[in-house]
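Survey of secondary and tertiary structure
Each chain, letter by letter, is given below.
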Amino acid sequence: MSATLIDGKAFAAGLRTRIATEVAAMKAQGITPGLAVVLVGEDPASQVYVRSKGKQTLEVGMNSYEHKLPAETPEADLLALIERLNADPAVNGILVQLPLPAHMDEEAVINAILPEKDVDGFTVLNVGRLATGQKAMVPCTPLGCLMMLREHLGSLSGKNAVVIGRSNIVGKPMAQLLLRDSATVTIAHSRTQDLPGLCRTADILVAAVGRANFVKGDWVKPGATVIDVGINRTDDGLVGDVDFAEAEQVAGAITPVPGGVGPMTIACLLANTLTATARANGLPDPEGLTP
Ligand SMILES: Nc1nc(=O)c2c([nH]1)NC[C@@H]1CN(c3ccc(C(=O)N[C@@H](CCC(=O)O)C(=O)O)cc3)C=[N+]21
Ligand SMILES: [Mg+2]
């Protein structure tokens, strides 16, 4: 047996086309969505993502504002920049690229972002809104995973979902979104007992651990839908958290790395920027871009 490939790259391209249409309609009303991306330091991988985000932001017709600060920037200067972006009506979304240099307090920096402009959905207010079922900004990676799961499976109701990884940026919000769609959700992590056995109960398996080829083929329930969030740079190139060659023999459907979750993350960042712009202007949320 060989799994259906869930083509995140193609899905993301379709999403961006829809977003571009909505942006054009907004521009006709005199509103141009704007996304500000802040990068502190010179991490090469981060520079690649930021360039790719800026390019795609312009391609859908939005304004892109890039702020690059040296690694040794004092935290107070970064907070002052965030205050300026919070107050700037041309800026509808703010993303501060993580990780930040070690001398900065990541929580303090993130929580300085106005929740309405927090297109990453990382501020405490948006995390709480998601957890309580209120209108939130939802983190881009889990939102992209949810869209692919719904597209492939239709309803997620009653399905057993196992999320490996308990990070604030992927594992926890992914679990919240699956729960909202009435899946039965388990979050697994490094202390979980019999992880392979637990994974074999999963109709939906989301791997977000950051360890190359960690999930083996015999951990996968036959026919399961496998979402691989991992982006690991190895001598064999970019690989996911799932041993793809093994898992695709067993799974019903699986996302590849690259070309799966990654492109959806950036498309969802644009989706969130559009949603933030609509809300800032008293317009209804764009169709199908929010959970
Ligand atoms: N505040 C903040 N928000 C983020 O969303 C955020 C962040 N910080 N810091 C870094 C991570 C990482 N991230 C990725 C986005 C797209 C791809 C992506 O498009 N990957 C391509 C491959 C790209 C390549 O070749 O390196 C793919 O999977 O096909 C990967 C990783 C967003 N992040
Ligand atoms: Mg973890």
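Residues numbered from 1 in each chain as written. Chains lettered and ligands numbered in written order. Predicted model: local features only at pLDDT ≥ 70, side-chain atom pairs only at ≥ 80, totals over all residues.

**Here's the deal with the nonpolar core**
Formed by 88 residues in total, the largest nonpolar core has its most connected members in V163, L205 and V206. Per-element tally for this core: the top contributor is helix α10 (residues 261-280), with 11 residues. Here this core gathers at least three residues from each of two domains, domain 1 (31-114) and domain 2 (140-262). Setting aside anything within four residues of it in sequence, one finds V163 in contact with G171, M174, A175, V185, I187, A188, V206 and A208. (Core = buried A, V, L, I, M, F, W, Y, C linked by C-beta atoms within 7 Å. Buried ≥ 20, exposed ≤ 12 C-beta atoms within 10 Å, placed from the backbone. Helix = DSSP H or I, 4+ residues; strand = E, 2+ residues; numbered from the N terminus. Domains from an automatic or database assignment. Contact = placed C-beta atoms within 7 Å.)

**A short note on helix α3 (residues 75-87)**
With 13 residues, α3 extends 19 Å from end C-alpha to end C-alpha; this agrees with the ideal 18 Å at 1.5 Å per step. Among all positions of α3, only L78, I82 and L85 are buried. Angular distribution of buried residues about the axis of α3 spans 60 degrees; they occupy a single face of the element. Exposed side of α3, more than 90 degrees from the buried face: A76, D77, A80, R84 and A87 are the residues found there. Of the surrounding elements, those touching the buried residues of α3 are β2 (34-40), β3 (63-69), β4 (93-96) and α4 (106-111). (Expected span 1.5 Å × (residues − 1). Arc of directions from axis to C-beta.)

**Some thoughts on the UniProt feature "domain: Tetrahydrofolate dehydrogenase/cyclohydrolase catalytic" (unreviewed entry) in the chain**
Feature annotation in UniProt places "domain: Tetrahydrofolate dehydrogenase/cyclohydrolase catalytic" (unreviewed entry) on residues 6-120, given in this structure's numbering. Within residues 6-120, the helical portion is 49% and the strand portion 16%, while the C-alpha atoms at the span's ends are 24 Å from each other. (UniProt positions renumbered as here; feature names shortened; annotations may be inferred.)

**As for the site of ligand 1**
Around ligand 1, a shell composed of 17 residues is seen, among which Q97, L98, P258, G262 and T265 lie nearest. Listed by contribution, the elements that provide at least two residues to the shell around ligand 1 are α2 (44-59), β4 and α10. Top contributing element to the shell around ligand 1 by residue count: α10, with four residues. Its residues assigned to classes, the shell around ligand 1 comprises 12 nonpolar, four polar and one charged. Each of domain 1 (31-114) and domain 2 (140-262) accounts for three or more of the residues forming the shell around ligand 1. (Near = placed C-beta within 6 Å. Nonpolar A, V, L, I, M, F, W, Y, C, P; charged D, E, K, R; others polar.)

**Thoughts on helix α1 (residues 8-28)**
Counted at 1.5 Å a residue, the expected span for α1 with its 21 residues is 30 Å, and the 30 Å between its end C-alpha atoms agrees. Listed as buried for α1 are G8, F11, A12, L15, I19, E22, V23 and M26. In a view along the axis of α1, the buried residues occupy a sector of 110 degrees, so they form one face of it. Structural note: α1 exposes A10, A13, G14, T17, A24, A25 and A28 on the side pointing more than 90 degrees away from its buried face. Packing partners of the buried residues in α1 comprise α6 (140-153) and α10. The positive-phi residue at the C-terminal boundary of α1 is G30, with phi of around 85 degrees.

**Some points on the packing of α6 against helix α7 (residues 171-180)**
Where α6 contacts α7, the axes come no closer than 8 Å and their chain directions differ by 35 degrees. The element α6 and its partner α7 pack so that their crossing is right-handed. Together, P142, C145 and L146 of α6 and P173, M174 and L177 of α7 make up the contact between the two elements. Class assignment for the residues of the contact of α6 with α7 results in six nonpolar, no polar and no charged. (Axes fitted to C-alpha atoms, helices over the stretch in contact; angles between N-to-C directions. Left-handed = near helix turned anticlockwise from the far one by under 90°.)

**Some words on the confidence of the model for the chain**
Looking at the chain as a whole, its pLDDT mean stands at 97, while 100% of the residues score no less than 70. The ipTM, which scores confidence in the relative placement of chains, is 0.96 for this predicted complex, and the corresponding pTM is 0.98. (pLDDT = per-residue confidence, 0-100.)

**Remarks on the environment of A278**
For A278, the location among the structural elements is in helix α10. Along the backbone, A278 and P33 are 245 residues apart, and their C-alpha atoms lie at a distance of 8.6 Å. In this structure, A278 is in contact with L283, P284, D285 and P286, ignoring residues within four places of it in sequence.

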